[in-house]
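The residues making up each chain are set out below.
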Amino acid sequence: MSAFPAPKHPNLGFYTLAGAPESPRDLIDEVIEAERLGLGAAFISERFNIKEAATLSGAAGAVSHSIDIITGATNHNTRHPIVTASYATTMHRLTGGRFSLGIGRGIAPIFKAFGIPPITTAQMEDFAIVMRRLWKGETVIGHDGPIGSYPVLRLDPTFDEDIPLSIVAFGPNTLKLGGRLFDNVILHTFFTDETLQRCVATVKDAAERAGRDPASVRVWSCYATVGDHIDEPLRLKKTVGRLATYLQAYGDLMVSTNRWDPAVLDAFRADEMVSNIGGAIDAIATTEQLEHIATLFPDEWLAPAATGSTSACATAVRRQIDLGADAVIMHGATPTELAPILQFVN
C-alpha cells in the first residue's frame, strides 16, 4: 500500500507544459504542484520540439508519487512497437502502475510534411491488441496487420502487466474504438455541450456493444479553464490563440464535430492576418493580433470553456461532469493558475 495519500481530486487533471513552454524543466515544478493540490492526472502531449513524450513521462514519474501520468497523446507509428511497448512497461514499473499509454492520430499536415504515413482507426486497434499481448508476456510471431509486418515481437515472457491504454478521440470511429478497447477516452478542447454528450454516448454505447462495462471506460472532457485572475494578454493566448491554432491544424474536423458554420472557418482562413502569420497562432501572435482574431469568431465558438471568476470556473468544470463526462482535464492552465479555482471545486 502506498505511503502517499490518494489524490483529493481524482477526476480532475491538467496538461503539463501547455502551449509553447520555454523549457521542458517547467514540467517538474508543475507535476509537484499538481500533486500537492490533489489533482488526479497529469497529461503529456507531444510536439516535435522540446516535448518528446517518453522523456517527459520519465521526468514526471520520477518526481511524483500519487498522480496518474497519461500521454495525451503520442503516436503509434513514430516508434517501433517494441520500443513503445518497452517504454510503457518501464513507466508502469517506474510509477507503480500510475502510467497510461495514450495514442492519437496526430496532425495530418505535419505528418504529410514529414513523410509520416497517416494513421487509421484499424492501425490504432491493431496496435492496442499487440501492446496488450506483449504486456502479458506473449511472443507475437509473424504479425501481419494494419500496423505492419513483424517476424517476431517480444518483451519478456515473465511479464503479466495491466497497463491502461488511452486514446484521443474526435470522430465517431475513434470514439467507438475507445469504447471497445481503451481505458480512457480523451476528448478535445472547445467541444460544445451537445458535442460532449454525443461523444460520451458514442463511447459508452460502443463499450456496451463490445460486452464491456461502460463505466470501465473513463471519458475525459478536455475543458479550457482560464479564469479572470490570469492577465488578459495571457488569457487571449490561452483562449483565442489556442482555438485559432486548432483551426489552423484541423479546422474542418473541429467545425464538423461541433456542427458549426463552415463559412466562419472559410472567413478565418481567408483573413489576411491569419493567412500571413507564419506559424502557430498561440505561439507567435501578439496581443494586438489576437484581439483582431477574436473578432473572427462568434461568441459560441469560444463559449465551451471555464472563464470568469474563480468560483464561476469551478462551477463550469463541475458542470462537465453533470453533462456526462467521467473526468475533466482543466486545459490551458498551470497548476499554480488552477489553485484558486480548486478552492471552489468539491
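Refer to the structure printed above.
Residues numbered from 1 in each chain as written. Predicted model: local features only at pLDDT ≥ 70, side-chain atom pairs only at ≥ 80, totals over all residues. Heavy atoms only, no water.

Draft legend 1. Region of interest: the overall build of the protein. Looking only at helices and strands, one finds 15 helices and 11 strands in the protein. Computed over the C-alpha atoms, the radius of gyration of the protein is 20 Å, within 12% of the 20 Å expected from 2.2 N^0.38 for a compact globule of 346 residues. Projected onto the principal axes, the alpha-carbon positions of the protein cover approximately 60 × 45 × 40 Å. Looking at the protein as a whole, 52% of its 346 residues qualify as buried. Within the protein, counting contacts between residues at least 6 apart in sequence, those at least 24 apart form 74% of the total. (Helix = DSSP H or I, 4+ residues; strand = E, 2+ residues; numbered from the N terminus. Rg over C-alpha atoms; globule rule 2.2 N^0.38 Å. Buried < 20%, exposed > 50% of the residue type's maximum accessible area, 1.4 Å probe, protein only. Contact = heavy atoms within 4.5 Å.)

Draft legend 2. Structural context of the packing of aromatic side chains. Here the structure, examined in full by the defined rule, presents 11 aromatic pairs. Seen in terms of ring centroids, F43 and W220 are 4.9 Å apart; in terms of plane orientation they differ by 75 degrees. Their pairing is edge-to-face. Linking F43 in strand β2 (residues 39-44) with W220 in strand β9 (residues 218-227), this pair joins segments that are 177 residues apart in sequence. Look at F43 and you get buried, because its relative accessible area is 0%. Taking the relative accessible area as the measure of exposure, W220 reaches 0% and is therefore buried. (Phe/Tyr/Trp six-rings, centres within 6.5 Å; stacked < 30°, edge-to-face > 60°.)

Draft legend 3. Examining the nonpolar core more closely. L39, V185, M254, F268, I281, F297 and W301 are the most contacted members of the largest nonpolar core, which totals 95 residues. Here this core gets 9 residues from one element, more than from any other, and that element is helix α8 (residues 232-258). Apart from residues no more than four positions distant in its own chain, M254 is found in contact with F170, H188, T189, F190, L243, Y246, L247 and W260. With 9 residues, the next largest nonpolar core counts F43, I70, I186 and W220 among its residues. (Core = buried A, V, L, I, M, F, W, Y, C linked by side-chain atoms within 4.5 Å.)

Draft legend 4. Looking closely at unusual backbone geometry. Here G72 and A73 are connected by a cis peptide whose omega angle stands at 15 degrees. Unlike most non-glycine residues, L17 shows phi in positive territory, near 55 degrees. Counting through the fold element by element, L17 comes out in the loop between β1 (9-15) and α1 (26-37). A positive phi angle, near 65 degrees, is found at F190, a position not held by glycine. Inspection of the secondary structure puts F190 in the loop between β8 (184-186) and α7 (193-209).

Draft legend 5. Structural context of the packing of helix α5 (residues 121-135) against helix α6 (residues 172-181). Axis separation between α5 and α6 bottoms out at 10 Å; the angle between their running directions is 15 degrees. By the angle between their axes, α5 is roughly parallel relative to α6. For the crossing formed where α5 meets α6, the hand is right-handed. In this structure, α5 contributes T121, M124, E125, A128, I129 and R132 to the contact, and α6 contributes N173, T174, L177, R180 and L181. (Axes fitted to C-alpha atoms, helices over the stretch in contact; angles between N-to-C directions. Parallel < 35°, antiparallel > 145°, perpendicular 65-115°, else oblique. Left-handed = near helix turned anticlockwise from the far one by under 90°.)

Draft legend 6. Structural detail: the environment of W260. Considering the arrangement of structural elements, one finds W260 in the loop between α8 and α9 (262-270). By relative accessible area, which is 6% here, W260 ends up buried. Considered as a pair, W260 and D326 are 66 residues apart in the sequence and their alpha carbons are 25 Å apart. Setting aside residues no more than four positions away along its own chain, W260 makes contact with F190, T192, M254, V255, E300 and W301.

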